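A structural walkthrough
In case you want the letters, here they are:
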Amino acid sequence: GLDRPFRRPPALESEDKNTMVAYALARVAPRAARAMLPIISRSFTGVSTPQNPSIAVPKLLAAGFGITFAGAALMNTKTAKADNPAMDVIGITQEIEALVEEGHGPLLVRLAWHAAGSYDQKSNTGGSNGATMRFSPESGIGANAGLGLARDLLEPIKARHPEITYADLWTLAGCVSVETMGGPNIDWRAGRTDAIDGSTCPPDGRLPNADMGAAGKTVQHIRDIFYRMGMNDAEIVALCGAHALGRCHEDRSGYWGPWTRAETTFSNEYFRELMENTWTLKKWDGPEQFEDPTGQLMMLPSDMALLWDKAFQKQVAIYAKDEALFFDDFAKAFKKLMELGVPAFNPKPWYQFW
């Protein structure tokens, strides 16, 4: 319905009925909105259809009416600062897209994933709120090796747009990157706050390890990590589909190679490779990993665990055959991941205020 949060809703300054209809379409049915693009674009003189249709309608509205996005309108009123200027989400998004076009998309997705993936449901700690990876010890843990590069890439954007918090910027960058690389539209909303120091950094060990030394232990480890966040098996497999992007670097993780042949394209190719390719142990001096017959693609033990476990394998097979379903499920799971533990989106029940 219309109350479903849309990733970048504008503060509409026009009463034009066509504008309101187009915006409603974008909120209720992004795919339907995409189909309307040729019609909508013709109603705006000099406005061309953007290359990325997942955010085209909001951009067209902005171009036609000079609309600005009011980020504070999405924030929980208890956490939004009254003196905070309107958030220029369009401008920020365009700057993130430029980084993605330079090939940095997979790294930005990893930053958002690792910032949010530290959440612990039982203690309600960790997660994207606070952007605590700016501080030690979280910034220095092995699982986050190389993410200083991603944080540095976003620093100039933060400097130009001080109205957005680091926590919101990192998560927005992850969502925009997925979309810009061909993935699904992911609902996003502002409202995360920034920690002032590292006192709330989550402990090491909350992010998935690539290998636990034995197949059964690796499978159980994956479930332990994701169940701790409140994810189920289907969500686990969907989120692992982000391995369609990027590659492993020996100087960061010790592992080497890409999962797919299209490292900057979001698709269901990761699942297709898992199911349809042949994987054998790689003969080398590095940690245990698997390779295809060409030696050009690799899988980690944690990837192979999705085949070793029958429940996981069943879901992998489904996504390998149905990319549209994978996109839908990933968009929902990734939104959930980005919002875990954020007070503005997960208010306490009234009885917990006493």
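Residues numbered from 1 in each chain as written. Predicted model: local features only at pLDDT ≥ 70, side-chain atom pairs only at ≥ 80, totals over all residues. Heavy atoms only, no water.

Inspection of every chain in the model, using the stated rule, returns 13 salt bridges. Asp120 is the partner of Arg228 in a salt bridge, and the nearest nitrogen-oxygen pair spans 3.9 Å. With Arg228 in helix 7 (residues 215–229) and Asp120 in the loop between helix 4 (89–116) and helix 5 (147–160), this residue pair connects regions lying 108 residues apart in the sequence. Assessed through its relative accessible area of 12%, Asp120 is described here as buried. With its nearest N and O atoms 2.8 Å apart, the salt bridge here joins Arg189 to Glu339. (Salt bridge = Lys/Arg side-chain N within 4 Å of Asp/Glu carboxyl O. Helix = DSSP H or I, 4+ residues; strand = E, 2+ residues; numbered from the N terminus. Buried < 20%, exposed > 50% of the residue type's maximum accessible area, 1.4 Å probe, protein only.)

This paragraph deals with unusual backbone geometry. Trans peptide bonds make up the majority, and among non-glycine residues the majority have a negative phi. The omega torsion across Ser136 and Pro137 is 10°, close enough to zero to call that bond cis. By the element assignment, Pro137 lies in the loop between helix 4 and helix 5. For Asn124, which is not glycine, the phi dihedral falls at a positive 55°. Note that Asn124 resides in the loop between helix 4 and helix 5. Backbone geometry places Ala131, a non-glycine residue, at a positive phi of 50°. Among the secondary structure elements, Ala131 is positioned in the loop between helix 4 and helix 5.

So, on to the packing of helix 6 (residues 166–180) against helix 12 (residues 323–339). Close contact between helix 6 and helix 12 brings their axes to 11 Å; oriented N to C, the two are set at 170°. The angle between helix 6 and helix 12 falls in the class roughly antiparallel. Facing helix 6, whose interface residues are Thr171, Gly174, Cys175 and Val178, helix 12 presents Phe330, Phe334 and Met338. (Axes fitted to C-alpha atoms, helices over the stretch in contact; angles between N-to-C directions. Parallel < 35°, antiparallel > 145°, perpendicular 65-115°, else oblique. Contact = heavy atoms within 4.5 Å.)

Another aspect to go through is the confidence of the model for the protein. Mean pLDDT over the protein stands at 82; residues scoring 70 or higher make up 74%. Throughout residues 1–83 the model reports pLDDT below 50, and contacts reaching past four residues in sequence, or to other chains, amount to 140 contacts. (pLDDT = per-residue confidence, 0-100.)

Our next topic: the sheet that holds strand 5 (residues 298–299). Strand order in this open sheet of 3 strands is 3-4-5, and the pairing throughout is antiparallel. On the outer flanks of this sheet lie strand 3 (280–281) and strand 5, each paired with one strand and no other. (Pairing = 2+ DSSP bridges.)

If you check helix 5, its first and last C-alpha atoms are 21 Å apart, about what 14 residues at 1.5 Å a residue would give, namely 20 Å. Of all the bends in helix 5, the greatest, near 30°, is centred on Leu154, and the proline Pro156 appears no more than four residues after it. Looking only at helix 5, the buried set comprises Leu147, Ala150, Arg151, Leu154, Ile157 and Lys158. On its buried side, helix 5 packs onto helix 4 and helix 6. (Expected span 1.5 Å × (residues − 1). Bend = angle between axes of the 7 residues up to and from the residue.)

Each aromatic ring pair is summarised here by two numbers: the centre-to-centre distance and the angle between the ring planes. Counted according to the given criterion, the structure contains 13 aromatic pairs. An angle of 50° between the planes, with centres 5.3 Å apart, marks the rings of Phe271 and Tyr319 as tilted. Residue Phe271 is found in helix 9 (residues 269–276), and its partner Tyr319 is found in helix 11 (residues 310–321); the two are separated by 48 residues along the sequence. We classify Phe271 as buried; its relative accessible area is 0%. (Phe/Tyr/Trp six-rings, centres within 6.5 Å; stacked < 30°, edge-to-face > 60°.)

Our focus in this paragraph is the nonpolar core. In a soluble, globular protein the nonpolar side chains are often hidden away together inside. In this structure, Ile96, Phe334 and Leu337 are the most contacted members of the largest nonpolar core, which totals 82 residues. Apart from residues no more than four positions distant in its own chain, Phe334 is found in contact with Ala112, Trp113, Gly174, Cys175, Ile186 and Leu239. (Core = buried A, V, L, I, M, F, W, Y, C linked by side-chain atoms within 4.5 Å.)

To continue, consider helix 4. Over its 28 residues, helix 4 runs only 21 Å from end to end, short of the ideal 40 Å by more than 12%, given 1.5 Å per residue. Taking the largest bend as the criterion, helix 4 deviates by roughly 115°, centred on Gly103, and proline Pro106 comes between one and four positions later. Of all 28 residues that make up helix 4, 20 are buried, and the element is covered over most of its length.

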